[in-house]
Amino acid sequence: MDSIALPSVATASGMFDLASRLFPLHRSLTGEGVRRTLHMLADYIPLEIHDVPSGTRLFDWQVPDEWNVRDACIADERGRRVVDYQQSNLHVVAYSRPVRRRLSWSELRPHVCSLPEHPDWIPYRTAYFEDRWGFCLTHRQFQELDQWPDAEYDVLIDATREPGSLTYGECVLPGRREEQVLVSAHVCHPSLANDNLSAVVVATAWACWLAERPREYTYRFVFAPATLGALAWLHANRSALHRVRHGLVLALLGDAGPLTYKRTRRGNAAIDRAAQHVLRHAGTAWQSRSFTPWGYDERQFASPGFDLPVGCLMRTPPGEYPQYHTSADNLQLIKPDSLGESLDICRRITQVLEADRVCVSRCPYGEPHLAGRGLHAVHGQSPAGESLAQRQALLWTLNLADGQHTMLEIAERAELPFDDVRQAAERLGAHELLEMLPV
Amino acid sequence: MDSIALPSVATASGMFDLASRLFPLHRSLTGEGVRRTLHMLADYIPLEIHDVPSGTRLFDWQVPDEWNVRDACIADERGRRVVDYQQSNLHVVAYSRPVRRRLSWSELRPHVCSLPEHPDWIPYRTAYFEDRWGFCLTHRQFQELDQWPDAEYDVLIDATREPGSLTYGECVLPGRREEQVLVSAHVCHPSLANDNLSAVVVATAWACWLAERPREYTYRFVFAPATLGALAWLHANRSALHRVRHGLVLALLGDAGPLTYKRTRRGNAAIDRAAQHVLRHAGTAWQSRSFTPWGYDERQFASPGFDLPVGCLMRTPPGEYPQYHTSADNLQLIKPDSLGESLDICRRITQVLEADRVCVSRCPYGEPHLAGRGLHAVHGQSPAGESLAQRQALLWTLNLADGQHTMLEIAERAELPFDDVRQAAERLGAHELLEMLPV
Amino acid sequence: MDSIALPSVATASGMFDLASRLFPLHRSLTGEGVRRTLHMLADYIPLEIHDVPSGTRLFDWQVPDEWNVRDACIADERGRRVVDYQQSNLHVVAYSRPVRRRLSWSELRPHVCSLPEHPDWIPYRTAYFEDRWGFCLTHRQFQELDQWPDAEYDVLIDATREPGSLTYGECVLPGRREEQVLVSAHVCHPSLANDNLSAVVVATAWACWLAERPREYTYRFVFAPATLGALAWLHANRSALHRVRHGLVLALLGDAGPLTYKRTRRGNAAIDRAAQHVLRHAGTAWQSRSFTPWGYDERQFASPGFDLPVGCLMRTPPGEYPQYHTSADNLQLIKPDSLGESLDICRRITQVLEADRVCVSRCPYGEPHLAGRGLHAVHGQSPAGESLAQRQALLWTLNLADGQHTMLEIAERAELPFDDVRQAAERLGAHELLEMLPV
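Throughout, residues of each chain are indexed from 1 in the direction in which the sequence is written. The order in which chains are written sets their letters, starting at A; the order in which ligands are written sets their numbers, starting at 1. Confidence filtering applies because this is a predicted model: local features only for residues at pLDDT of at least 70, side-chain atom pairs given and counted only at 80 or more, and all residues used for totals across whole chains, interfaces and linings. Note that the side-chain values use all heavy atoms of the structure and ignore hydrogens as well as water.

K.L.:
Describe in detail the relation of the copies chain A and chain B, supporting the description with residues and values.
P.N.:
Of the transformation placing chain A onto chain B, the axial shift is 0.0 Å and the rotation is 120°, giving an RMSD of 0.0 Å. What the superposition gives is, in effect, a three-fold axis relating one chain to the other. Nearest to the rotation axis, the C-alpha of A:Asn268 is located 13 Å from it, this being the minimum over chain A. Superposing copies: least-squares fit, C-alpha atoms only, residues required to have pLDDT of at least 70 in both.

And the structure:
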């Protein structure tokens, strides 16, 4: 009765494979596509799936009717589907109301859009909270149709917009402490790969990896439609948000661009220091940016009533690569290596957050006699294989172990990788020279 | 019985015309020239004129005797007035004691000064608090006289230094609040245009403009002789100085140089942020400088017992243009356009100070549903004519509306013009999404 | 019975002469060389000499047995001393245990070291807290011996490692206040000139100079072996360390490199500001560096249990000149001019620390009437010989005399030399315009 063992998702190719299987599903703000996506993730990680009924009040918002599409097309007089939902779910403007009508091109034209500068790409458009319908075409399709102004077409959007629910998933990985790390990725985009299957699979892989390890923090991975999904989670957890110590929104993690960290609203939260520290020492191209109140769900988490310390990890930011929000954001755009590197950075951030401690020297008066314990100071002879950085880390850790500095702060001041400081602290701890207290 | 309507002073040419009419008056630390100057200003703005009697103690100082000049000249043996006060009041060293004597050139020579590097310019010199007399000559005049060491001259300074008073004017424009904005300009220089008729007319025009508008703050425009006039005002108001929230000394506002803002002693007062913000977004050349305890009356306002937040707005700073303190600082040096631009900056500073408010969101949990109210977020479709900056301003204002930020602080963090934030706040206020509290 | 008057040590040549006489002594962590060194210093300054018995606990350490060497050599079969302690005390690895044996070169080889890259220099090596012996050779000596692997040698280290004591000296110069300035220099190196006789003689000269002057602070000059000597002093004074207001470790002050100031652990202590201010205005090349927990005894003073504000003044930092820790760190490396300049900087730092006061204006409301007191403002006429900087210092001092600024802080903000501010404060004090309170 056991299910067939799934291949590991926590590898570059495992993440890419999962993204490939999620790609065809027609996700939107609500609907079956999101639900099926979450059920596929639940094969890998323990995922609670929450359905929030249409009409539910979420702060200033209300959950809309659920939207599902069975079929859609524009068919010419000979019945040929010249624009066909079966070819790409991007052809239908998201949340289009149902339509089944014969229209002339001049009547249909105001309902279509295309991208003249990229004639083979279909744009991605939404009509959330609007009462309209529309089609997205390649510009070549548009030009073809635009030659015959008087031609007539049978237009079909066989969709429902009816009371149902908004669906999001949450994977909670309890740790030794009640303090939480929040990770979120939006799951509301149809067949777009980088935006945001890339981050969905990285988050899933990260959760898999964490699930197998002892944890200090309790982790909450939220897979939710953008904005309303995040608000639904915030609403459901509004009395316990004080437990969120660190947070990260994941988005656009599969393209070949350099990693980008967008800082929290506070600008110098521990997650900001941890993420930037990891990137600085990762030996890869990266950039960091200031907070702005637009982008992904960090804007909800950072609204003034919550002000949670939530950063955002991306590669190329939204709108800064040409394929953004078009059919060219497909599986060719995302690279297994990029997914792998993104996951690696996430894991390292976890390692910093998990291991970080306040250091308190048990031998604070003068330097301890390191050589007498087989530990060596900078100018002494070193045991074989001990690097200068490791010896410096030992001295910095002792010097700043005044109960006012965490390991991460010591690493930052010493301009050393966190791991060197952590290892130094452990060596000192093993010699009873140091105590480590929770942050 | 009504007086003939005066032309508006609040225009570039209106300011220049007023400066032209003020130019011939012989102003000094005290005397009729200051009094007549203030009476001319009183045609435009409500001006209380204060006379502080000679001998009055003003902190560490005492008001000196009043000085007035009827005539002065150096006449040669044939009675020709070779140096003539009627030609320029700069010829007499300010506060010279009366003299009427026949002197040889070698006796007279120690009492004259000139500028060899600018042979056609008369220097401006003072002998405040000294018991001496002197003449300022062009260097050509000096060279002419210096050819004949034995020639004799009749020297006349028909002046009085007698008990009288020091005079300053104050225009108070009450606002809805008791908190005050102090504006001051020195009025003690004789026929010099940039220093400081330029600032006198800009201050007058600014007060005119403000007088016609509803005001939050109470404005106090002080037209006073430098140092002692400022001390007289400080002395008279010493028990109410805690009401001064912002202050600006105006000086040298007519030359063609770029605008210069000199920061307050504190360096980051609200007036510093407001003035620099306005200049940064004005699209004109400008510079800012740190506070120094020399310059104009900001040095009195910033003395340690007062420490009022008073900046200084100028164009080319004192001593940094060659005509400074010479007869070449005349009406040709000042440009109507420069006066107009200076006034414009002052008005904009007012607009920032008047409109600035602490913003408090009424919808602080998550973003409000902007589209549902016809307001749009950055990535949504915008109403026609709405700029990206306006949409960003909306989101920044909501995000920072935590009761800890003023509009100006929001504009600074968002790197947007204040007006964009103000308009965003007003739109949000109109939708009951935001409250605005006094700073 | 009076001793012959010694030449002054407080000159460039006096310091160099003293270094020359100290040079031959064989100093180490303990032993007669240190004791004789301290006795020579005691000819110039009042020096208490402290002997701390072997076995004494010093925080995490224990004082080791005392080490003294009578003779040492490597002699060939013909009895020639091919490596001879009488030629250089560097030939013996410090703290070598006694040895007297015949060994073949292949047996002896693991006990010797040399510097291939500098074939004429003898390295300086230690075996503190180890149970071994060794010789340091020039690489030419090494190569000579290395030609004959089977040759045999008589190896002699006629040394004692027996209970005795660790010796350090302290010169206390009481001042009017109990607050202390700590100066320390390490005295544990054998015949090395820059490291650290240079700093020993500068410290001695500085103490001589201070001894002849009235002092605000109590000065404590500590001449001690590195690490253990500093810990011995800290241990002896552990209940009174709160009196240490400022501290400076002196090291490597004789080479021709630019002066280097290494900041305290706090990074912005008064000694940091004073030392960097003096260097900035000294007209000489200099650099400053951040604290690191390695280097000299600043690492002990800055351990987290003490955290004393102790900086370090050097010229070329340790390890950054090729002669470091070799026989080429000899009297040719140190320059009388460098010693003289180093002393000059020390004296100036004293002058800043001694003279620094909190300034409080007695005339804080507006500027005082300076001209009425023969003091002049920036734009007034100046008494002959008064510089612009002096006049600016007068105004800055008055302006910042709010009880919140010290003279040094005023000088820093005014970007003026401390002395200009001090003189301004004294002139203002003489006119009862200013009070100066202890920092």
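Alright, that's what it looks like, and here's the rest.
K.L.:
A description of the sheet that holds strand β14 (residues 259-262) of chain B should follow, citing residues and the corresponding values.
P.N.:
Residues and elements named next belong to chain B. A pair of strands counts as paired when DSSP detects no fewer than two bridges linking them. Only DSSP runs of H or I reaching four residues or more are called helices, and only runs of E reaching two or more are called strands; each is numbered from the N terminus. Strand order in this open sheet of eight strands is β1-β10-β12-β11-β13-β16-β14-β15, and the pairing throughout is mixed. The sheet is open, and its two borders are formed by β1 (48-53) and β15 (286-289), each paired with just one other strand. Here the average twist between neighbouring strands, direction ignored, is 20°. Pairing geometry for β14 and strand β16 (residues 310-314), over three bridges, is antiparallel. Bridge pairing in β16 places Thr260 opposite Met314. Residue contacts are defined here by distance: any two heavy atoms, one from each residue, within 4.5 Å place the two residues in contact. Every axis corresponds to a line fitted to the C-alpha atoms, with the helix fit spanning only the stretch in contact, and the corresponding angles, defined between N-to-C directions, vary from 0 to 180 degrees. Strand contacts of helix α6 (residues 228-236): β1, β10 (165-173), β11 (180-186), β12 (218-224) and β13 (244-250), with the helix running at about 60° to β10, the strand carrying the most contacts.

K.L.:
I'd like to hear about the packing of helix α7 (residues 270-280) of chain C against helix α9 (residues 336-355) of chain C, residue by residue, with values.
P.N.:
All names here are of chain C. At their nearest, the axes of α7 and α9 sit 9 Å apart, and the two run at 125° to each other. Between α7 and α9, the angle falls in the class oblique. The way α7 lies across α9 gives a crossing that is right-handed. Contacts between α7 and α9 pair Ile271, Ala274, Ala275, Val278 and Leu279 from the former with Ile345, Arg348, Ile349, Val352 and Leu353 from the latter. Amino acid classes used here: Ala, Val, Leu, Ile, Met, Phe, Trp, Tyr, Cys and Pro are nonpolar; Asp, Glu, Lys and Arg are charged; the rest, including Gly, are polar. Among the residues making up the contact of α7 with α9, the classes are represented as nine nonpolar, no polar and one charged. Angles below 35 degrees are treated as roughly parallel, those above 145 as roughly antiparallel, those between 65 and 115 as roughly perpendicular, and all remaining angles as oblique. Less than a right angle of anticlockwise turn of the near helix away from the far helix marks a crossing as left-handed, whereas a clockwise turn marks it as right-handed.

K.L.:
Before we move on, could you go through the pattern of salt bridges and cite the residues and values that matter?
P.N.:
By convention in these notes, a salt bridge is any Lys or Arg side-chain nitrogen within 4 Å of a carboxyl oxygen on Asp or Glu. This structure, assessed with the given rule, holds 96 salt bridges over all chains. Between A:Arg422 and A:Glu426 there is a salt bridge, with the nearest N and O atoms lying 3.0 Å from each other. On the criterion of helical spacing, the pair formed by A:Arg422 and A:Glu426 is a turn pair, its members being four residues apart in helix α12 (residues 418-430). Each residue is assigned to one of three classes by its accessible area relative to the maximum for its type, calculated with a 1.4 Å probe on protein chains only: buried under 20%, partly exposed between the two thresholds, exposed over 50%. For A:Arg422, a relative accessible area of 19% translates into the label buried. Relative accessible area serves as the criterion here: at 42%, A:Glu426 is assigned to the partly exposed category. In this structure, C:Arg176 and C:Glu216 form a salt bridge, with 2.7 Å as the shortest nitrogen-oxygen distance. With C:Arg176 in the loop between β10 (165-173) and β11 (180-186) and C:Glu216 in the loop between α5 (193-211) and β12 (218-224), the pair connects residues that are 40 residues apart, well separated along the chain. Look at the salt bridges and you will find they share partners, linking A:Glu32, A:Arg35, A:Asp51 and A:Glu66 into a network.

K.L.:
Give me the lowdown on unusual backbone geometry, citing residues and values where you can.
P.N.:
Following A:Asp195, the chain continues into A:Asn196 via a peptide bond in cis, with omega recorded as 25°. Counting through the fold element by element, A:Asn196 comes out in helix α5 (residues 193-211). Its identity is not glycine, yet B:His325 carries a phi of approximately 60°, on the positive side. When you line up the elements, B:His325 lands in the loop between β16 and α9 (336-355).

K.L.:
An account of the sheet that holds strand β5 (residues 81-84) of chain B is needed here, citing residue identities and associated values.
P.N.:
Residues and elements named next belong to chain B. Strand order in the open sheet made by the four strands is β5-β4-β9-β6, with antiparallel pairing throughout. Two strands bound the open sheet, and with one partner strand each, they are β5 and β6 (99-104). Direction aside, neighbouring strands of the sheet carry axes that sit 20° apart on average. As defined by bridge partners, strand β4 (residues 66-75) adjoins strand β9 (residues 152-162) across nine bridges and the pair is classed as antiparallel. Residue pairing across strands places Asn68 opposite Thr160, the latter belonging to β9.

K.L.:
Break down the interface of chain B and chain C for me, citing the residues and quoting the values.
P.N.:
Taken together, the 20 residues of chain B in the interface contact 22 residues of chain C. For any pair of parts, buried area is found by adding up, for both, the accessible area (1.4 Å probe) each one loses once the two are put together. Summing both sides of the interface, chain B and chain C together bury roughly 1,900 Å²; the carbon and sulfur share of this comes to 53%. Looking only at chain B, the three residues that lose the most surface to chain C are B:Asp60, B:Arg265 and B:Trp294, adding up to 33% of its buried area. Across the chain B-chain C interface, the total number found is three salt bridges. Taking the shortest distance from any N to any O, the salt bridge between B:Arg265 and C:Asp402 comes out at 2.9 Å. Two N or O atoms form a polar contact when they lie within 3.5 Å of each other; inside protein one atom must be a possible hydrogen donor and the other a possible acceptor, and for residues adjacent in sequence the pair counts only when both atoms belong to side chains. Linking chain B to chain C there are twelve residue pairs in polar contact (both at pLDDT 80 or more). When its residues are assigned to classes, the side of chain B that touches chain C shows ten nonpolar, six polar and four charged.

K.L.:
I'd love a proper account of helix α4 (residues 139-146) of chain A, names of residues and values included.
P.N.:
All names here are of chain A. Taken together, the buried positions of α4 are His139, Gln141, Phe142 and Leu145. What you see down the axis of α4 is that its buried residues fit within an arc of 155°, all on one side. Residues of α4 that are buried make contact with β5 (81-84), α3 (105-108), β7 (112-113) and β9 (152-162). Throughout, the arc means the angular range of directions from the helix axis out to the C-beta atoms.

K.L.:
A description of the interface of chain A and chain B should follow, citing residues and the corresponding values.
P.N.:
The interface is formed by 20 residues belonging to chain A together with 22 residues belonging to chain B. Summing the contributions of chain A and of chain B, the shared interface buries around 1,900 Å²; its carbon and sulfur component is 53%. It is A:Asp60, A:Arg265 and A:Trp294 that lose the most area in chain A upon contact with chain B, and together they represent 33% of the buried surface on that side. Between the two partners, chain A and chain B, sit three salt bridges. Taking the shortest distance from any N to any O, the salt bridge between B:Glu367 and A:Arg299 comes out at 2.3 Å. Grouping the amino acids of the side of chain A that touches chain B by side-chain chemistry returns ten nonpolar, six polar and four charged.

Read these as spatial facts, not as claims about activity.
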